[in-house]
Amino acid sequence: MNKVKAQDIADMIDHSLLNPTFTLDEIKRGCEIAKEYKCISVCLRPCDVEFASEILKGSDVLITTVIGFPHGSNLTEVKVFETKMAIEQGCVEVDVVLNIGRLLSGDYDYVEKDLKAVVDAAHEKNVIVKVIFENAYLTDEQKKKACEICTRVGADFTKTSTGYAPSGATIHDLKLMRANTAPNMQVKAAGGVRKLDDALMVKAVGGTRFGCTRTETMMADAREREAAGTLVLPEVTDDMEFPAVLAAREGK
């Protein structure tokens, strides 16, 4: 059995606080949850970065925000400005949405220049960049093209989705992205990773991060299974789907 520890799961969690209806009290509570369970990071709306920085001061939880969210259609100059402001306010990682419409149009030069400007601005300050594809709208060939572009511009991660499209992460997409990016580039799953078994599948296929809104229940389950000696990675085949996705489809 390939056993893992509960902290291995926490080290993959970007605790997501992107819901547009969240109040400041909910943002504060989300930051406290991330601290309690020692998540790797919180992923915040841009307007909440300074607020969260004060709450997380002195902790090991990293601060992440989104750039060009959720459609990636901001002007490049705006994305760069957002990135620089986020860094000034305390972000050490940014998740930028590629320009979906331009990718679908086959305007790959535009997509590449747009992303390179953000990557260069972030890397100048040693800040990690995750590029969001929004795979629900893309063919496999377009996903591969996006992977090629991310490799050329030196992105640190590829990321499946915003979590606000018709569908999110799939095992198929995680495997495709892992197979078509440089070995030093990591892969993040977003959208649909709701239960511990989902998270274990992400890890089993080579994903190193995932967005999570249900950190408390997931980590309680992880700690319980670790104590019982049953927290192990599953065997994942190409036709498998996340348990949470299947449950939602069946109305459970």
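Structure: see above.
Residues numbered from 1 in each chain as written. Predicted model: local features only at pLDDT ≥ 70, side-chain atom pairs only at ≥ 80, totals over all residues. Heavy atoms only, no water.

**Description of the packing of aromatic side chains**
Any two aromatic rings considered together are summarised by their centre-to-centre distance and by the angle between their planes. Evaluated as defined, the whole model comprises one aromatic pair. Plain terms: the ring middles of Phe-69 and Tyr-164 are 6.0 Å apart, the flat faces sit at 90° to each other, and that makes the pair edge-to-face. Here the residue Phe-69 occupies a position in the loop between β3 (62-67) and α4 (76-88), and Tyr-164 occupies one in the loop between β6 (157-159) and α8 (171-179), the gap between them amounting to 95 residues. Positioned over the ring face of Tyr-108 is Lys-145, at 5.0 Å from the centre of the ring. (Phe/Tyr/Trp six-rings, centres within 6.5 Å; stacked < 30°, edge-to-face > 60°. Helix = DSSP H or I, 4+ residues; strand = E, 2+ residues; numbered from the N terminus. Lys NZ or Arg CZ within 6 Å of the ring centre and 35° of its normal.)

**Here's the deal with unusual backbone geometry**
Here the residue pair Phe-69 and Pro-70 is connected by a cis peptide bond, since its omega of 0° sits within 30 degrees of zero. Phi at Asn-126 takes a positive value of approximately 60°, unusual for a residue other than glycine. Relative to the helices and strands, Asn-126 resides in the loop between α6 (108-123) and β5 (128-132). Since its relative accessible area comes to 72%, Asn-126 is described here as exposed. Notably, Glu-134 is not glycine yet its phi reads approximately 65°, a positive angle. As for its placement among the helices and strands, Glu-134 is situated in the loop between β5 and α7 (140-153). Its relative accessible area of 3% is what places Glu-134 among the buried residues. (Buried < 20%, exposed > 50% of the residue type's maximum accessible area, 1.4 Å probe, protein only.)

**Remarks on the side chain of Lys-159**
Along the chain, Lys-159 turns up in strand β6. A distance of 2.8 Å separates the side chain of Lys-159 from the side chain of Asp-95, its partner in a polar contact. Setting aside residues up to four positions removed in sequence, Lys-159 forms contacts with Asp-95, Val-131, Ile-132, Phe-133, Met-177, Lys-188 and Ala-190. (Polar contact = N/O pair within 3.5 Å; in protein donor to acceptor, adjacent residues only side chain to side chain. Contact = heavy atoms within 4.5 Å.)

**Considering the sheet that holds β3**
Ordered by their spatial adjacency, eight strands build a closed barrel running β1-β2-β3-β4-β5-β6-β7-β8, and the pairing between neighbours is parallel. Here the strands of the sheet are splayed against their neighbours by 25° on average, with no regard to which way each runs. (Pairing = 2+ DSSP bridges. Axes fitted to C-alpha atoms, helices over the stretch in contact; angles between N-to-C directions.)

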